[in-house]
Amino acid sequence: MPNSARSRSPRRLALAIASAALMGGSIAAAAQTPAQPAAPGAGSVPVAAPELARALPDFSALVEQAGPAVVNIRTSEKVKVANAQVDEQMRELLRRFGIPVPPQRRAPPGAAPAPAPDDDEDDDAPQRRGLGSGFVIGADGYVMTNAHVVDDADEVTVTLTDKREFKAKVVGLDRRTDVAVLKIEATNLPQLRMGDVGKLKVGEWVMAIGSPFGFDNTVTAGIVSAKARDTGDLLPLIQTDVAINPGNSGGPLLNLRGEVVGINSQIYSQSGGFMGISFAIPIDEAMRVADQLRASGRVTRGMLGVYPDDVSKEVAEAIGLGKPQGALISRITPAGPGDKAGLQLGDVITKFDGKTVDKAVDLRRLAAATKPGTKVPLQVFRRGAYKDLSATLDALPDDRAPATPETETPAAGGAQAWGLTVSEMTEAQRKELKLDGGLRIDTVDGPAARAGLKTGDVILSVNNTEVKTVKQFQAALAKVEKGKSLQMLVRRGEVATYVVLKPGKV
């Protein structure tokens, strides 16, 4: 007579497990039998450890608690139409491709053409509309979202879960961290608690609430896939597998305690939609930015005035550093803080203000997080020995101001969003490469790194426009429509090829 363990067939066991899962029971309980355990080697089924066989979390209570503090954001931006008259042939071409045609303003015979009215007075101007998400960080009407959600918007509308709508004022935004703060005229609003990102663990359950494709209050969940991903310029991002799509930008990422641990900001995608990888701005970093925006409407950061590169294993061994660590100085801004401190090309900064510098990005972030005017100690490895220096930091130029070759990010502004810094080549370098123009890539990050660009590559053209100076490069980037890809002709060694950079933000 077979014992009870053997009499339970694999098919019946599978059905028991499925039923237990549907009813919220554990697989371990379904796998156990009421009779005596099977004898060793008698075809027994492995039973999961009780602590590993927990049911999936129920997010319903969390949604009820956090949902009312999440908002929908709609933006509109007037499309700027040139004031110049458009001839009839051009008007017909625009109509054929479905492009809005500016109205033809006619002057009386013999009179001078009347100037076109200001864009703000043209109610018939075409509108570019956008969608995003946000969440309340102050009961008195302060809302946090992504900078790219409201950047350049002429009108911002915030809708609460109770369907109330408010015209929002942009208190301030910071492109470098992609954080913005809005203000609406409302009081006693429900607000979210901020969590401790330091306690966030890889594998921990997290949940997002937002408006993907305009579907308000959509809830998605997943786990933390990784922490401190170097896909942002000044911020290490949180990577998750939570489903994030266009419209989720600016919404909160919450832990199971209902605390905000991040702001959903970017996705890694080759199609424009969710592909299993999304990124969030750590909330502690975002709140530091938000506090400055609420206080003054802008963010101030420190700048050392150098161009750092990572130290490769080969270089570390060659210079006697031992292991690849620190930030290798490849260029120094003349008369900048680093120059005044006595830094030299080829120096490796291993500590900044007592904090260890493992990679070039660490130096950029540490300098940016320091108040301008602060005097900081530096530990430098130079020609086989460590040396102590000190530098007084300058202010990093505002991210809305045009950058120049003398600043720490010579092609900031537009280049910042593509993860690039570039510099003009000397006449000798161009002669050696047999080039008339081109710009050398100094650092790559974000979209540029994902496209395969590397330090030392030479950019010959941007969207079929030849570039010889940083100013020309900035002008070419300024013409790229928001959300569109960027095409470059790049030379590496003796080979030139076209590279397409895709924006990663949603």
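Residues numbered from 1 in each chain as written. Predicted model: local features only at pLDDT ≥ 70, side-chain atom pairs only at ≥ 80, totals over all residues. Heavy atoms only, no water.

Peer 1: Whenever I open this one, the overall build of the protein chain confuses me. Can you help?
Peer 2: Of the regular secondary structure elements, the protein chain holds 14 helices and 28 strands. Counting all 506 residues of the protein chain, 44% fall into the buried class. Expressed as a percentage of contacts within the protein chain between residues at least 6 apart in sequence, the contacts between residues at least 24 apart total 62%. Carbon and sulfur atoms provide 53% of the accessible area of the protein chain, an area that totals close to 26,400 Å². (Helix = DSSP H or I, 4+ residues; strand = E, 2+ residues; numbered from the N terminus. Buried < 20%, exposed > 50% of the residue type's maximum accessible area, 1.4 Å probe, protein only. Contact = heavy atoms within 4.5 Å. Areas by Shrake-Rupley, 256 points an atom, 1.4 Å probe, with all protein chains shown as cover.)

Peer 1: Which parts of the structure should I look at to understand the environment of Ala 61?
Peer 2: Topologically, Ala 61 is positioned in helix H4 (residues 60-66). Ala 61 sits 197 residues away from Gly 258 along the chain, and the two C-alpha atoms are 9.3 Å apart.

Peer 1: I'm lost on the pairing of strand S18 (residues 348-352) in this one. Help?
Peer 2: Side-chain positions along a regular strand alternate between the two faces of the sheet. Burial within S18 is extensive, with four of its five residues counted as buried. Where strand S17 (residues 327-332) meets S18, two bridges bridge the pair, whose relative direction is antiparallel. Across the sheet, Leu 328 pairs through a bridge with Val 348, a residue of S18. Two elements, S18 and strand S20 (residues 375-382), share four bridges in a ladder whose sense is antiparallel. Across the sheet, residue Ile 349 finds its bridge partner in S20, namely Val 380. Of the strand pairs in this sheet, S18 and strand S19 (residues 355-356) are connected by two bridges, and their pairing is antiparallel. Paired with Lys 351 across the two strands is Thr 356, which belongs to S19. Between the end of S18 and the start of S19, which pair antiparallel, lie two residues, with Asp 353 showing a positive phi angle near 55 degrees. (Pairing = 2+ DSSP bridges.)

Peer 1: Would you take a moment to explain the environment of Val 444 for this structure?
Peer 2: With respect to the helices and strands, the residue Val 444 is situated in strand S24 (residues 439-444). Residues Val 444 and Gly 419, 25 residues apart in the sequence, show an inter-C-alpha distance of 5.4 Å. Apart from the residues within four sequence positions on either side, Val 444 is in contact with Gly 419, Leu 420, Ala 449, Leu 453, Lys 454 and Thr 455.

Peer 1: Honestly, the packing of aromatic side chains in this entry has me stumped. Any pointers?
Peer 2: Geometrically, a pair of aromatic rings is defined through the distance of the ring centres and the angle of the planes. A full pass over the atoms with the stated rule returns two aromatic pairs. Judged by centre distance (6.0 Å) and plane angle (65 degrees), the rings of Phe 59 and Trp 205 are edge-to-face. Pair noted here: Phe 59 is in the loop between helix H3 (27-31) and H4 and Trp 205 is in strand S9 (residues 205-210), with a separation of 146 residues, a long-range link. Here Phe 59 falls in the buried class, since its relative accessible area comes to 15%. Seen from their ring centres, Phe 381 and Tyr 386 are 5.1 Å apart, and the 70 degrees between their planes marks the pair as edge-to-face. Note on Tyr 386: relative accessible area 46%, which makes it partly exposed. One Lys or Arg, Lys 183, reaches over the ring of Tyr 142 and ends 5.5 Å from the middle of that ring. (Phe/Tyr/Trp six-rings, centres within 6.5 Å; stacked < 30°, edge-to-face > 60°. Lys NZ or Arg CZ within 6 Å of the ring centre and 35° of its normal.)

Peer 1: Looking at this structure, how should I read the environment of Leu 389?
Peer 2: Structurally, the position occupied by Leu 389 is in strand S21 (residues 385-392). As for Leu 389 and Ala 341, which are separated by 48 residues in sequence, their C-alpha atoms are 6.5 Å apart.

Peer 1: Explain the side chain of Ser 211 to me, please; I cannot follow it from the model alone.
Peer 2: When you line up the elements, Ser 211 lands in the loop between S9 and strand S10 (218-229). Not counting residues up to four positions away in its chain, the partners in contact with Ser 211 are Asn 72, Gly 132, Ser 133, Asp 216, Asn 217, Pro 246, Gly 247 and Asn 248.

Peer 1: Explain unusual backbone geometry here, please?
Peer 2: For residues that are not glycine, phi is negative in most cases, and the peptide bond is trans in most cases. The backbone phi angle of Asn 217 is positive, close to 55 degrees, even though this residue is not glycine. Structurally, Asn 217 can be placed in the loop between S9 and S10. In this model, Ala 335 sits at a positive phi of 65 degrees, which is unusual for a non-glycine residue. Looking at the secondary structure, you find Ala 335 in the loop between S17 and helix H9 (337-341).

Peer 1: Hey, could you run me through helix H14 (residues 470-478) in this one?
Peer 2: Each α-helix turn comprises 3.6 residues. Residues three or four places apart therefore point the same way. Among the residues of H14, those classed as buried are Val 470, Phe 473, Ala 476 and Leu 477. Viewed along the axis of H14, the buried residues span an arc of 120 degrees, placing them on a single side of the element. Exposed and facing more than 90 degrees away from the buried side of H14 are Lys 471 and Ala 478. (Arc of directions from axis to C-beta.)

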